[in-house]
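Per-entry structural report
The residues making up each chain are set out below.
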Amino acid sequence: MKRIKWGRIVAVLLAMALMLTACGPGKKEEVTKVRIGEVTRSIFYAPQYVAISKGFFKEQGLDVELTTTAGGDKTMTTLLSGGIDVALVGSETSIYVTQQGSGDPVINFMQLTQTDGTFLVSRKPVTGTFDWNTLKGTTFLGQRKGGMPQMAGEFTLKKHGINPQKDMNLIQNIDFANITSAFASGTGEYVQLFEPQATVIEKEGKGYVIASFGVESGKLPYTVFMSKKSFMDKNSGTVQKFANAVQKAQNWVQTASVDEITDAVITFFQDTDKEIIKNVVKRYKDQGSFATDGLIDEQEWNNLQDVMESAGELKQRADYKALVNNQYAEKAKQSVK
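Residues numbered from 1 in each chain as written. Predicted model: local features only at pLDDT ≥ 70, side-chain atom pairs only at ≥ 80, totals over all residues. Heavy atoms only, no water.

1. Focus: the sheet that holds strand 6 (residues 139–141)
Operational definition: Paired strands, in this sense, are two strands between which DSSP finds at least two bridges. Per the convention used, a helix needs a DSSP run of H or I reaching at least four residues, while a strand needs a run of E reaching at least two, with both numbered from the N terminus. Helix axes are fitted only over the stretch in contact, all axes being lines through C-alpha atoms; the angle between N-to-C directions runs from 0 to 180 degrees.
Spatially, 7-6-8-5-9 is the arrangement adopted by the five strands of the open sheet, whose pairing is mixed. For this open sheet the edge positions go to strand 7 (169–171) and strand 9 (208–212), each flanked by a neighbour on one side alone. Neighbour-to-neighbour, the strand axes of this sheet turn through a mean angle of 30°, independent of strand direction. Of the strand pairs in this sheet, strand 5 (residues 118–122) and strand 8 (residues 190–194) are connected by five bridges, and their pairing is antiparallel. Looking across to strand 8, one finds that valine 121 is bridged to valine 191.

2. With respect to the environment of threonine 262
Within the secondary structure, threonine 262 is located in helix 12 (residues 258–265). Taking the C-alpha atoms as reference points, threonine 262 and valine 280, separated by 18 residues in sequence, lie 9.3 Å from one another.

3. Some remarks on the side chain of threonine 75
We apply this condition: We call two residues contacting when some pair of their heavy atoms lies within 4.5 Å.
Along the chain, threonine 75 turns up in helix 4 (residues 72–80). With sequence-adjacent residues up to four places away left out, threonine 75 is seen in contact with Gly37, Glu38, Val39, Thr69, Ile84, Ala87 and Val89.

4. Focus: helix 4
We apply this condition: When a residue's accessible area, from a 1.4 Å probe over protein chains only, is under 20% of the maximum for its type it is buried; when over 50% it is exposed; and in between it is partly exposed. It is the directions from the helix axis to the C-beta atoms that the arc portrays.
Considered for burial, the residues of helix 4 that qualify are Gly72, Thr75, Met76, Thr78 and Leu79. The buried residues of helix 4 occupy an angular sector of 160° when projected down its axis, which confines them to one face. Away from its buried face by more than 90 degrees, helix 4 exposes Asp73 and Thr77. Of the surrounding elements, those touching the buried residues of helix 4 are strand 1 (32–38), strand 3 (86–89), helix 5 (92–99), strand 4 (106–113) and strand 10 (223–228). Backbone geometry just downstream of helix 4 places glycine 82 in the positive-phi region, at approximately 90°.

5. A closer look at the side chain of glutamine 305
Test applied: By the criterion applied in these results, polar contacts are pairs of N or O atoms within 3.5 Å in which, for protein atoms, one can donate a hydrogen and the other can accept it, and in which residues neighboring in sequence qualify only through two side-chain atoms.
Relative to the assigned elements, glutamine 305 resides in helix 14 (residues 298–310). Note on glutamine 305: relative accessible area 1%, which makes it buried. For glutamine 305, the side chain forms a polar contact with the main-chain nitrogen of alanine 318, separated by 2.5 Å.

6. Observations concerning the nonpolar core
Worth spelling out the cut-off: To form a nonpolar core, buried Ala, Val, Leu, Ile, Met, Phe, Trp, Tyr and Cys residues must be joined to one another through side-chain atoms within 4.5 Å.
One finds Phe57, Phe109, Phe225, Phe242 and Trp301 to be the most contacted residues of the largest nonpolar core, which totals 85 residues. Those residues in contact with phenylalanine 242 that sit more than four places away from it in its chain are Val34, Ile36, Phe57, Leu62, Val86, Phe109 and Phe225. Judged by nonpolar contacts, the second largest core, of 12 residues, contains Leu120, Trp132, Phe140 and Leu157.

7. Let's talk about the sheet that holds strand 2 (residues 62–68)
Spatial strand order, 2-1-3-10-4: five strands in an open sheet with mixed pairing. Looking along the sheet, the strands with just one partner apiece sit at the ends: strand 2 and strand 4. Averaged over all neighbouring strand pairs, the angle between strand axes comes to 25°, with direction disregarded. Across six bridges, the pairing between strand 4 and strand 10 is antiparallel. Considered in strand 10, the bridge of valine 106 is made with lysine 228. Across the sheet, helix 2 (residues 46–53) lies against strand 1, strand 2, strand 3, strand 4 and strand 10, angled at about 140° from strand 2, the strand it touches most.

8. Some remarks on the packing of helix 2 against helix 12
As a reminder of what qualifies: Angles are sorted into four bins: roughly parallel if under 35 degrees, roughly antiparallel if over 145, roughly perpendicular if 65 to 115, and oblique for all others. When the near helix sits turned anticlockwise from the far one by under a right angle, the crossing is termed left-handed; a clockwise turn instead gives a right-handed crossing. Basically, the charged four are Asp, Glu, Lys and Arg, the nonpolar ten are Ala, Val, Leu, Ile, Met, Phe, Trp, Tyr, Cys and Pro, and anything else, Gly included, counts as polar.
Viewed as axis vectors pointing N to C, helix 2 and helix 12 meet at an angle of 65°, and their least axial separation amounts to 8 Å. Our classification of the angle between helix 2 and helix 12 gives roughly perpendicular. Along this stretch, helix 2 crosses helix 12, giving a crossing that reads as left-handed. Taking contact as the criterion, the partners of Ala46, Tyr49, Val50 and Ser53 in helix 2 are, on helix 12, Ile261, Ala264 and Val265. Of the residues that constitute the contact of helix 2 with helix 12, the class distribution is six nonpolar, one polar and no charged.

9. Here's the deal with unusual backbone geometry
Peptide bonds are, in most cases, trans, and in most cases residues other than glycine have a negative phi. Look at the link from glutamate 195 to proline 196: it is a cis peptide, with omega at 5°. Mapping proline 196 onto the fold places it in the loop between strand 8 and helix 8 (197–203).

10. Re the pairing of strand 3
Residues Val86 and Leu88 line one face of strand 3 and the alternating positions Ala87 and Val89 line the opposite face, and both faces are buried. Two elements, strand 1 and strand 3, share three bridges in a ladder whose sense is parallel. Bridging from a neighbouring strand, glycine 37 pairs with alanine 87 of strand 3. Across three bridges, strand 3 lies against strand 10 in antiparallel orientation. Bridging across to strand 10, alanine 87 finds its partner in methionine 226.

11. Comments concerning helix 13 (residues 274–286)
What sets the pattern is the α-helix's 3.6 residues per turn: residues three or four places apart point alike. Cut-off, in case you're wondering: Helices are assigned an expected span. That span is 1.5 Å times one less than the residue count.
Between its first and last C-alpha atoms helix 13 spans 18 Å; for 13 residues at 1.5 Å apiece the expected length is 18 Å, and the two agree. The N-cap of helix 13, judged by a side-chain oxygen 3.0 Å from the amide nitrogen of glutamate 275 a few residues on, is aspartate 273. A positive phi of about 70° marks glycine 288, the residue just after helix 13.

In C-alpha cells:
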C-alpha cells in the first residue's frame, strides 16, 4: 500500500513539475510601452486620465508614458520625429501634415472629444440673452492662428454675422500660456479661453463665461489619438489594445458622476482647486464634449474641414478614408463593455 501511495505522490509531483516547466519560471504577461504626447494638459481630456488612473491601459498590457507637448505644431513634430508613438491633438494637424506632402501620413484612429473646448469670456456680466453683435467694435483676445480653437471661434463669429478681422480688434500675438494673464491684467474686452482658465477667471471676479464655442460650432473630431501609418502597420495589436482602454474609459465617464470623474482625474491637476475641477467636468459633460466612442464620423470630419476652409487654412479637402481608420474604434466599441 505504501508503494502505491508514494507512487501516486511521485506521479503528481512529476506532473506539476512538467506544468511549471511548460509555463516557464516566473513568466509574466508581456507589457508594451506606449508613449503619448498630449497637446496640452486639460480637464477637457478627462477620459484619457481616467484610462490611466483606473488602470484600463494596464489591463490591456500597456505601460503608458504621458508627456505634455505644448502646442499642436510641437506635438506633431515630436510624433513625426519618433519622440512619441501616439499624439493626442486636433485632427487638423494630420491634414496639415498631408498638405505638406508627407510620405508617412498621420492616421486618426480614436476620437476623445467631439466639440470645441473653449468659452467666450466677457469682462463685464451680461444680463438677459447675450447678443453676439455686441462684440463688434471691441478688442477680442483670440487663440493661435491656424489652431482649431481659433478656427472654431472664427467659424462661430462668422455664423453670427461678425467678420473677426474687420468687425473687431482681434489680438492673436499673445502666447497661449499667457492669454489668461493678459486678460486678467486688463487686455481686451472679451477673450476665448479653455477650462479651467475660464472658471478661474470667474472665481476671481475678473470675467464671466457668457457662451460656449463648443455648442456654437457643432460636433467636430476636435481632439483625436493619432499615429504614423508606419507605426500602426507594425503595431496593429498595440493600437487595438490602446483603443480598447480608451473605449472603456469613455464608457465609464458616460455613467460616472461628476464627483467620481473629478476623483479619477484630480491627481493630474494637483495645482487646481477641486471645486474648480468639478465645475469644469460638469460643464464639459453637460455640453457633450466627451466623445462616447472613438468613431470619427465622416460628417463631423467634413464639418471640421468647413471650419478650416472658412478660416482660409485649407489648401484642398483631405480624403476622409485616407486619414481616418475607424477599424480599431469599431472593434473596441463592439467588444468593450
